[in-house]
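One-letter residues, chain by chain:
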Amino acid sequence: MSDTVLDRASAPRPTPKPGILDIAPYVPGKSKVEGVEHPLKLSANENILGSSPAAREAFSTAFDQLQMYPDGRATILREALAATYGLEPERLLFGCGSDEIFQLLNQTFLEPGDNIVQGEFGFGAYAIGARACQAEVRMAPEPGYRIDVDELLKLVDARTRIVFVANPANPTGTWNSGAEIRRLHAALPPSVVLCLDGAYAEFCDDPAYEDGMSMVREFENVVVTRTFSKLHGLAALRVGWAYMPPEMAAAVDRIRLPFNVNIPAQLAAVAALGDDDFQRRSLDLVNRWRPWLAQQLGGLGLEPLPSAANFVLVGFPTTPGKTAKEADAFLSARGLITRNVAGYGLPNHLRITIGLEEHNRAVVEALREFLNGAGA
């Protein structure tokens, strides 16, 4: 055997950069139950009504374009969003879900040794992307299960580059007023990006809520992200978008992979955006059954959090036989899939997506049975 072959055989193998193997991979909610052929999935905050008929029709028109690369600028969607919301097209950025946009922001602004700040129950994608950039993730306590401006600010220092705030938040469903968000921004150095994740923005109609769009126009360090996965029911197509200062959009766009939003996704998203009836029906369903579900769960002695999203996070006792983990197993065995959120630091809670009337009633009745001792 030659020296060259021996050298190659003994050479070190490729090694991930420091910190990569320490990242806990994202674990989605379960979608199947062994032994149950057609379980009801209430674990992922998907739109229980499905998606817009117009979006499905638009999707079907893409069948004869599958051999083609998509428009990397997503022009038709860019123009539709700009017209719908009165936004400047050059401030828009598109991603394969808003998850990709979080990753792009991290890649654009973070260097090893920098840090991001988020709430302790914040969406896992923020931290995964930051740690991949060898940045530190700082998690602020959330007293009352909601973002606390002062707790976030305590963690901001000279190496902070991004503060992530989901509003309304996932998995808690809680939200912060426009006044709170503006106070947070006012206390941040101009060098820090404030990213407002509005995945559930459409579900919050409180007058004190502000979606952040006007802040993007006022300031040079605010980004708002949105998604077509929730209200519009296009989770499978992965369409996210962001509104940000034009200089920031130009920078982030330089590292965006080409063709990241495919043709069927662009066509369906444009059609969904124009289907006011589907959006209204989706919101009406949540607005009707979210308070009902919370009231019923509270009546069972559980602790539902006030929610401004299309789900309710509910707290369970720690008493053996009545825990969240046991309740999750009990519901699953009956074909009702909810979201165990122990991975978010909430081992005593389950997150339940708002379903149709029969779904919501089935969950309540199953939990009543569980709490009355059937799960023992």
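Anyway, here's the lowdown on the structure attached to this text. Each chain carries its own residue numbering, running from 1 in the direction its sequence is written. In keeping with the model being predicted, local features are shown solely for residues with a pLDDT of at least 70 and side-chain atom pairs are shown and tallied solely at 80 or more, while totals for entire chains, interfaces and linings include all residues. Note that water and hydrogens are dropped before the side-chain values are worked out from all heavy atoms of the structure.

The next point concerns the environment of T61. Segments assigned H or I by DSSP are reported as helices when at least four residues long, segments assigned E as strands when at least two residues long, and all are numbered from the N terminus. The topology assignment puts T61 in the loop between helix 2 (53-60) and helix 3 (75-85). On the basis of relative accessibility, which here comes to 40%, the residue T61 falls in the partly exposed class. Expressed as a C-alpha distance, the spacing of T61 and Q134, which sit 73 residues apart in the sequence, is 43 Å. Note on classification: 1.4 Å probe, protein chains only; a residue is buried when its accessible area is under 20% of the maximum for its type, exposed when over 50%, partly exposed between these limits.

Moving on: the state of the cysteines. Two cysteines joined by a covalent bond between their sulfur atoms form a disulfide. Here, a disulfide means two cysteine sulfur atoms that sit within 2.5 Å of each other. Applying the stated criterion to the full structure yields zero disulfides. Cysteine C133 remains unbridged, with the sulfur of C195 as its closest cysteine sulfur at 14 Å. C195 sits in the buried class, given a relative accessible area of 0%.

So, on to the sheet that holds strand 10 (residues 311-315). The pairing criterion is simple: DSSP has to find at least two bridges between the two strands. With antiparallel pairing, the four strands of this open sheet are ordered in space as 9-10-13-12. The two strands at the open ends of the sheet, each matched to only one other strand, are strand 9 (303-304) and strand 12 (339-340). Note that strand 12 and strand 13 (residues 349-353) share two bridges and pair antiparallel. If you follow R339 over to strand 13, its bridge partner there is R351. Residue contacts are counted whenever heavy atoms from the two residues lie within 4.5 Å of one another. Interaxial angle, 0 to 180 degrees, is taken between N-to-C directions of lines fitted to C-alpha atoms, where a helix line uses only the stretch in contact. Against the sheet, helix 11 (residues 276-299) engages strand 9, strand 10 and strand 13, with an angle of about 10° to strand 10. The sheet strands contacting helix 12 (residues 324-333) are strand 12 and strand 13, and the helix crosses strand 13 at an angle near 35°.

Let us look at the nonpolar core. We call a set of buried Ala, Val, Leu, Ile, Met, Phe, Trp, Tyr and Cys residues a nonpolar core when their side-chain atoms join them within 4.5 Å. Core analysis: the biggest nonpolar cluster contains 39 residues, and V163, V165, L194, F228 and W241 have the highest contact counts within it. Of all the elements, helix 10 (residues 263-273) adds the most residues to this core, at five residues. The contact partners of V165, leaving out residues within four places of it in the chain, are I147, L152, I181, L184, L194, C195, L196 and D197.

What follows concerns the side chain of T225. Mapped onto the secondary structure, T225 falls in strand 7 (residues 222-227). The class for T225 is buried, based on a relative accessible area of 0%. Apart from residues no more than four positions distant in its own chain, T225 is found in contact with S98, I101, F102, C195, L196, D197, G198, A199, W241 and A242.

Moving on, we get to the packing of helix 4 (residues 97-109) against helix 5 (residues 124-132). At a closest axis distance of 9 Å, the pairing of helix 4 and helix 5 adopts a crossing angle of 35°. When the axes of helix 4 and helix 5 are compared, the crossing they make is right-handed. Judged by residue contacts, F102, Q103 and N106 of helix 4 engage A125, Y126, G129 and A130 from helix 5. The residue makeup of the contact of helix 4 with helix 5, split by class, is four nonpolar, three polar and no charged. Put simply, a crossing is left-handed when the front helix is turned counterclockwise from the back one by less than a right angle, and right-handed when it is turned clockwise. Gly falls in the polar group here, along with every residue not listed as nonpolar (Ala, Val, Leu, Ile, Met, Phe, Trp, Tyr, Cys, Pro) or charged (Asp, Glu, Lys, Arg).

In this fold, S51 is placed in the loop between strand 1 (40-41) and helix 2. Leaving out residues up to four positions away in the same chain, S51 has contacts with R56, H232, G233, L234 and F278.

What follows deals with the environment of S307. Checked against the element boundaries, S307 lands in the loop between strand 9 and strand 10. Sequence separation between S307 and G173 is 134 residues, and the spatial gap between their C-alpha atoms is 4.3 Å. Other than its neighbours up to four places away in sequence, S307 contacts G173, R290 and V312.

Here the aromatic set is Phe, Tyr and Trp, taking the six-membered ring for Trp, and pairing holds for ring centres within 6.5 Å; pairs whose planes are under 30 degrees apart are stacked, those over 60 apart are edge-to-face, and all others are tilted. A complete count under the given rule lists 14 aromatic pairs for this structure. Taking the centre distance of 6.2 Å and the plane angle of 75° together, the rings of W175 and Y209 count as edge-to-face. Here W175, found in the loop between strand 5 (160-166) and helix 7 (178-187), pairs with Y209, found in the loop between strand 6 (193-197) and helix 8 (213-218); they are 34 residues apart in sequence, far enough to count as distant. A relative accessible area of 14% means that Y209 is categorised as buried. Relative to F311, the ring of Y200 lies with its centre 5.3 Å away and its plane at 80°, an arrangement referred to as edge-to-face. Remark: F311 occurs in strand 10 and Y200 occurs in the loop between strand 6 and helix 8; sequence separation between them is 111 residues. Aromatic ring contacts, followed pair by pair, group F102, F123, Y126 and F164 into a single cluster. R334 extends its terminal NZ or CZ atom over the ring of F330, reaching a point 3.5 Å from the ring centre. Charge-over-ring contacts are defined here by two conditions on Lys NZ or Arg CZ: a distance within 6 Å of the ring centre and an angle within 35 degrees of the ring normal. Positioned above the aromatic ring of F311 is the side chain of R351, whose terminal nitrogen or guanidinium carbon lies 5.6 Å from the ring centre.

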